[in-house]
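# Coordinates in review
Listed below, chain by chain, are the residues.
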Amino acid sequence: QVQVVESGGGLVQAGGSLTLSCAASGSISKLNSMTWYRQAPGEQREQVAHFIVGGIPSYSNSVEGRFTISGDSAKNTVHLQMNDLKPEDTGVYYCNAHLRPEGGTRWFTYWGQGTQVTVSS
């Protein structure tokens, strides 16, 4: 069984900062990547930042230069440092982990339940 849990959301004023964390736990053989998405009310879920083990992180245009994703593949965790937050960054932030469970050969993507980020103007 694999679980993905996000933490660190909250309310912050525009221009402020927050750090989100995401941890995958359980019977994990190997992690490939972890990705942050967000979903604003009435909007589709969009990819925000992507961490791939041994690779280069990538960001959406809307957060490039303000958000930084970092990961620890040994701990199956990623962090999303969010600076200079704007009201349009408001939404539920979801994390997923693409990994291979123990005892298997296939790769799967697991999602967390999300954490709310609210940026006030």
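The text that follows walks through the structure, step by step, so that each part is easy to find. Note that the coordinates shown come from a computational prediction; the quantities given were computed from them, not determined experimentally. (Residues numbered from 1 in each chain as written. Predicted model: local features only at pLDDT ≥ 70, side-chain atom pairs only at ≥ 80, totals over all residues. Heavy atoms only, no water.)

## As for the state of the cysteines
- Following the criterion strictly, the structure yields one disulfide and no others.
- The side chain of Cys-22 participates in a disulfide bridge whose partner is Cys-95; the two sulfur atoms lie 2.0 Å from each other. Looking along the S-S bond of the Cys-22-Cys-95 disulfide, the torsion reads about -85°, which is the left-handed sense. Of this pair, Cys-22 sits in strand 3 (residues 18–26) while Cys-95 sits in strand 9 (residues 91–101), and the two are 73 residues apart along the sequence. Here Cys-22 and Cys-95 have matching classes, each one buried. (Disulfide = S-S within 2.5 Å. Helix = DSSP H or I, 4+ residues; strand = E, 2+ residues; numbered from the N terminus. Buried < 20%, exposed > 50% of the residue type's maximum accessible area, 1.4 Å probe, protein only.)

## Overview of the pattern of salt bridges
- In total, this model carries three salt bridges according to the counting rule given.
- Of the charged contacts in the structure, one is a salt bridge between Asp-89 and Arg-38, with a shortest N-O distance of 2.8 Å. One end of the pair, Asp-89, is in the loop between strand 8 (77–82) and strand 9; the other, Arg-38, is in strand 4 (residues 28–39), and 51 residues separate them in sequence. Exposure class is identical for Asp-89 and Arg-38. Each is buried. (Salt bridge = Lys/Arg side-chain N within 4 Å of Asp/Glu carboxyl O.)

## Looking at the sheet that holds strand 1 (residues 2–7)
- Here four strands make up an open sheet; going across it, the order is 1-3-8-7 and the pairing antiparallel. At either end of the open sheet lies a strand with only one pairing partner, and these are strand 1 and strand 7 (67–72). Going across the sheet, the axis of each strand differs from the next one's by a mean of 15°, ignoring polarity.
- Pairing of strand 1 with strand 3 involves six bridges; the strand directions are antiparallel. Residue pairing for strand 3: Val-2 is matched across the bridge by Gly-26. (Pairing = 2+ DSSP bridges. Axes fitted to C-alpha atoms, helices over the stretch in contact; angles between N-to-C directions.)

## A few points about unusual backbone geometry
- Notably, Asn-76 is not glycine yet its phi reads approximately 55°, a positive angle.
- In this fold, Asn-76 is placed in the loop between strand 7 and strand 8.

## Structural notes on the pairing of strand 9
- The buried fraction of strand 9 is high, at eight of eleven residues.
- Relative to strand 9, strand 4 runs antiparallel, the two being bridged by ten bridges. Across the sheet, Thr-35 pairs through a bridge with Asn-96, a residue of strand 9.
- When strand 9 meets strand 11 (residues 115–120), the two strands line up antiparallel, connected through three bridges. The residue of strand 11 that forms the bridge with Tyr-93 is Thr-115.

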